[in-house]
Amino acid sequence: MALVCRNCSRVNPPEAHYCYWDGAVLDGHARDRGPIAVGAQPFLSPFVFPSGRQCRNLNELVLACYGEWKEALDLLRQGYLEGFFGALGRVDLALAARQAMKAADLDRGLDDLLSKLPASTREPAKLFAQPQEVNLGQITRNGDRRFVLHIENQGMGLLQGTVACDNTAWLALGEGAGSPRKVFQCLGEFTLTVQVHGKALRAGNKTLEGRLTIESNGGAAVIVVRADVPVQPFPDGVLAGAISPRQVAEKAKANPKGAAPAFEKGAVAAWYESNGWTYPVQGPASSGLGAIQQFFEALGLVKAPVVEISETALHLQGAPGASLEHVLQVRAVEKRPVFAYATTGAPWLQIGRIVLDGRTARIPLKVPNVPARPGEQLQGKVQVTANGGQRFLVEVSLTVSGRMAVRVDRM
């Protein structure tokens, strides 16, 4: 009858006096001496590696496998470990060796096998990462940089885990374009290139902080990466020297006529881009003083005027091949400049050049070529966005005049 160890609850053969796993005395053998070290029990004959290294017990076999890893992989792959454990009478270990041979990753298969041996010499994997902190100092957005992350296994066994920089867009892992996450495994050391993408940096007065997070079976670590990215001042014109959006707004308020061209022609948007900032104005820039108001509204410095649209449903009709046009109007309730832009997903519908005229915006909707689908009614939508992000959805239907051709099958 098989015997169950009280310490580890593992099953042992009926003739066993001591547990194969932890050396504890099994029930009925209390008169025998105390627990024995299973891993130190000598083999009937040593296990010899191709290099000549001899193993006299399981403790030595574990150390030899980790010390002669490539040879151990070959011995596992060729079935020598399975055969040796079978000759010892350890069917359980022989089956474990057979399973390890079939593993998709043979390194992991061997490591799993060694973890199942009742040996006392195997220590768990232990993570150590270096550097533990990276300070890049003052850098610019004009170029990329890189450094090397060193991962070391200070324990035994196969160190397995991931390195991630998911929440830091200006860091990437590996060569080429890099990626936000890398999987690694090693017995000793592993090195990983960490890239710093200049174009993804954001200028500011505060130090940027990124994080590399390492999770592994040997522990976890977080490496903090710091960088200082100075703000590039606005280069010229009446806005020259401004180092923040608020300063740009102050200079534009002091000289609106002189500042308007910088907003209208995209110079302010380009300055935002040079500092890695997101330009707050969505859609095309307005003209003249309206461009400054557009910027002020986007920053929340002034309240956007309430606007109305001429219609939210529109019906067009035309023969195949005809060209159609209709103008939507967006108008401010109060006497304030209006700016607007429109988009559509309908393939037969186009948005013409928008005319901004003070408190009115005119949006041409064009059907350059009515589809050759007589008798059908097509549906489309136009989304109009105006001051302060006010949005209107316009339903557009197009009736194609004429009759559909009727197919007559010949007998």
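Everything numeric here is computed off the predicted structure, so don't read it as measured data.

**Notes on the overall build of the chain**
Inference 1: On a plain count of helices and strands, the chain comes out with nine helices and 22 strands.
Inference 2: In terms of overall dimensions, the chain is more spread out than a globule: its C-alpha atoms have a radius of gyration of 37 Å, far above the 22 Å expected for 411 residues.
Inference 3: If you take every contact in the chain between residues at least 6 apart in sequence, the share linking residues at least 24 apart comes to 56%.
Inference 4: Carbon and sulfur atoms provide 50% of the accessible area of the chain, an area that totals close to 22,700 Å².
Inference 5: Averaging the coordinates of the 44 positive side-chain charges in the chain and doing the same for the 37 negative ones gives two points 9 Å apart.

**Focus on the packing of aromatic side chains**
Two numbers describe a pair of aromatic rings. These are the distance of the centres and the angle of the planes.
Inference 1: Applying the stated criterion to the full structure yields 15 aromatic pairs.
Inference 2: Relative to Phe 190, the ring of Phe 184 has its centre 5.6 Å away and its plane inclined at 25°; by these criteria the two rings are stacked.
Inference 3: In this structure Phe 184 comes out as buried when scored by relative accessible area, which is 3%.
Inference 4: Judged by relative accessible area, which is 22%, Phe 190 ranks as partly exposed.
Inference 5: Here the aromatic cluster, defined as three or more aromatic residues joined through ring pairs, consists of Phe 234, Phe 263, Trp 271, Tyr 272, Trp 277, Tyr 279, Phe 295 and Phe 296.

**Focus: the packing of helix H3 (residues 80-87) against helix H4 (residues 91-101)**
Inference 1: Close contact between H3 and H4 brings their axes to 8 Å; oriented N to C, the two are set at 170°. With respect to each other, H3 and H4 are oriented roughly antiparallel. Facing Leu 81, Glu 82, Phe 85 and Gly 86 of H3, the residues of H4 in contact are Leu 93, Ala 94, Ala 97, Arg 98 and Met 101.
Inference 2: Here the residues of the contact of H3 with H4 sort into six nonpolar, one polar and two charged.

**Concerning the nonpolar core**
Inference 1: Ranked by size, the top nonpolar core spans 50 residues in total, and within it Leu 212, Phe 263 and Phe 295 carry the most contacts.
Inference 2: Phe 295 has contacts with Pro 245, Val 248, Ala 249, Phe 263, Val 268, Tyr 272, Tyr 279, Pro 280 and Val 281, leaving out every residue within four places of it along the chain.
Inference 3: Counting 30 residues, the second largest nonpolar core, distinct from the first, contains Phe 47, Leu 76, Ala 97 and Met 156.

**Structural notes on the sheet that holds strand E17 (residues 340-344)**
Inference 1: Sheet architecture is open: four strands sit in the order E15-E22-E21-E17, paired in mixed fashion. Among the strands making up the open sheet, the edge pair consists of strand E15 (313-318) and E17. Sheet twist, expressed as the mean angle between neighbouring strand axes with direction ignored, is 25°.
Inference 2: Note that E17 and strand E21 (residues 377-386) share five bridges and pair antiparallel. From the neighbouring strand, Ala 340 faces E21, where its bridge partner is Ala 386.

**So, the pattern of salt bridges**
Inference 1: With the rule as written, the count across this model stands at 14 salt bridges.
Inference 2: A salt bridge links Asp 92 to Arg 90; its shortest N-O distance comes to 2.8 Å.
Inference 3: Judged by its relative accessible area of 32%, Asp 92 is partly exposed.

**A closer look at the pairing of strand E20 (residues 360-367)**
Inference 1: Among the eight residues in E20, six count as buried, and that is most of the element.
Inference 2: Bridge count between strand E18 (residues 350-351) and E20: two bridges; the pairing is antiparallel. Across the sheet, the residue bridging to Gln 350 is Lys 366, located in E20.
Inference 3: Two strands pair when backbone bridges link them, and strand E19 (residues 355-357) and E20 are joined in this way by three bridges, in the antiparallel orientation. The partner of Asp 357 across the bridge, within E20, is Thr 360.
Inference 4: In sequence, E19 turns back onto E20 through a hairpin of two residues, with Gly 358 there showing a positive phi of about 65°.

**Details of the sheet that holds strand E5 (residues 127-130)**
Inference 1: An order of E5-E7-E11-E9 is seen for the four strands of this open sheet, with the pairing classed as antiparallel. Each end of this open sheet is capped by a strand with a single partner; those strands are E5 and strand E9 (171-173). Going from strand to strand, the sheet's axes swing by 25° on average, the running direction of each strand aside.
Inference 2: Relative to strand E11 (residues 189-196), strand E7 (residues 145-153) runs antiparallel, the two sharing eight bridges.

**Some points on a nonpolar patch on the surface**
Inference 1: Judged by side-chain polarity, Leu 299, Leu 301 and Val 302 come together as a nonpolar surface patch covering roughly 190 Å² of accessible area.
Inference 2: Tracing the sequence through the fold places Leu 301 in the loop between helix H9 (289-299) and strand E14 (307-309).
Inference 3: Leu 301 sits in the partly exposed class, given a relative accessible area of 36%.

**What to know about helix H6 (residues 245-254)**
Inference 1: By the burial criterion, the buried members of H6 are Val 248, Ala 249 and Ala 252. Down the axis of H6, the sector holding all buried residues measures 100°, keeping them to one side. Exposed residues lying more than 90 degrees from the buried face of H6 are Arg 246 and Ala 254.

**A closer look at the pairing of E5**
Looking down a regular strand, the side chains alternate between one sheet face and the other.
Inference 1: Residues of E5 alternate between two faces, with Leu 127 and Ala 129 buried on one and Phe 128 and Gln 130 left unburied on the opposite face.
Inference 2: Sheet analysis places E5 next to E7, joined by four bridges and oriented antiparallel. By the bridge assignment for E7, Leu 127 is matched with Asn 153.

**Regarding the side chain of Gln 195**
Inference 1: Looking at the secondary structure, you find Gln 195 in strand E11.
Inference 2: Looking at Gln 195, its side chain comes within polar contact range of the main-chain oxygen of Gly 176, at 3.0 Å.
Inference 3: Non-local contacts of Gln 195, meaning those with residues more than four positions away in its chain, are made with Arg 145, Arg 146, Trp 170, Leu 171, Ala 172, Gly 174, Glu 175, Gly 176, Ala 177 and Gly 178.

What counts as what
Residues numbered from 1 in each chain as written. Predicted model: local features only at pLDDT ≥ 70, side-chain atom pairs only at ≥ 80, totals over all residues. Heavy atoms only, no water. Helix = DSSP H or I, 4+ residues; strand = E, 2+ residues; numbered from the N terminus. Rg over C-alpha atoms; globule rule 2.2 N^0.38 Å. Contact = heavy atoms within 4.5 Å. Areas by Shrake-Rupley, 256 points an atom, 1.4 Å probe, with all protein chains shown as cover. Lys, Arg positive; Asp, Glu negative; His and termini not counted. Charge placed at Lys NZ, Arg CZ, Asp CG, Glu CD. Phe/Tyr/Trp six-rings, centres within 6.5 Å; stacked < 30°, edge-to-face > 60°. Buried < 20%, exposed > 50% of the residue type's maximum accessible area, 1.4 Å probe, protein only. Axes fitted to C-alpha atoms, helices over the stretch in contact; angles between N-to-C directions. Parallel < 35°, antiparallel > 145°, perpendicular 65-115°, else oblique. Nonpolar A, V, L, I, M, F, W, Y, C, P; charged D, E, K, R; others polar. Core = buried A, V, L, I, M, F, W, Y, C linked by side-chain atoms within 4.5 Å. Pairing = 2+ DSSP bridges. Salt bridge = Lys/Arg side-chain N within 4 Å of Asp/Glu carboxyl O. Patch = residues over 30% accessible without salt bridge, like charges linked within 9 Å, V, L, I, M, F, W, Y side chains within 5 Å. Arc of directions from axis to C-beta. Polar contact = N/O pair within 3.5 Å; in protein donor to acceptor, adjacent residues only side chain to side chain.

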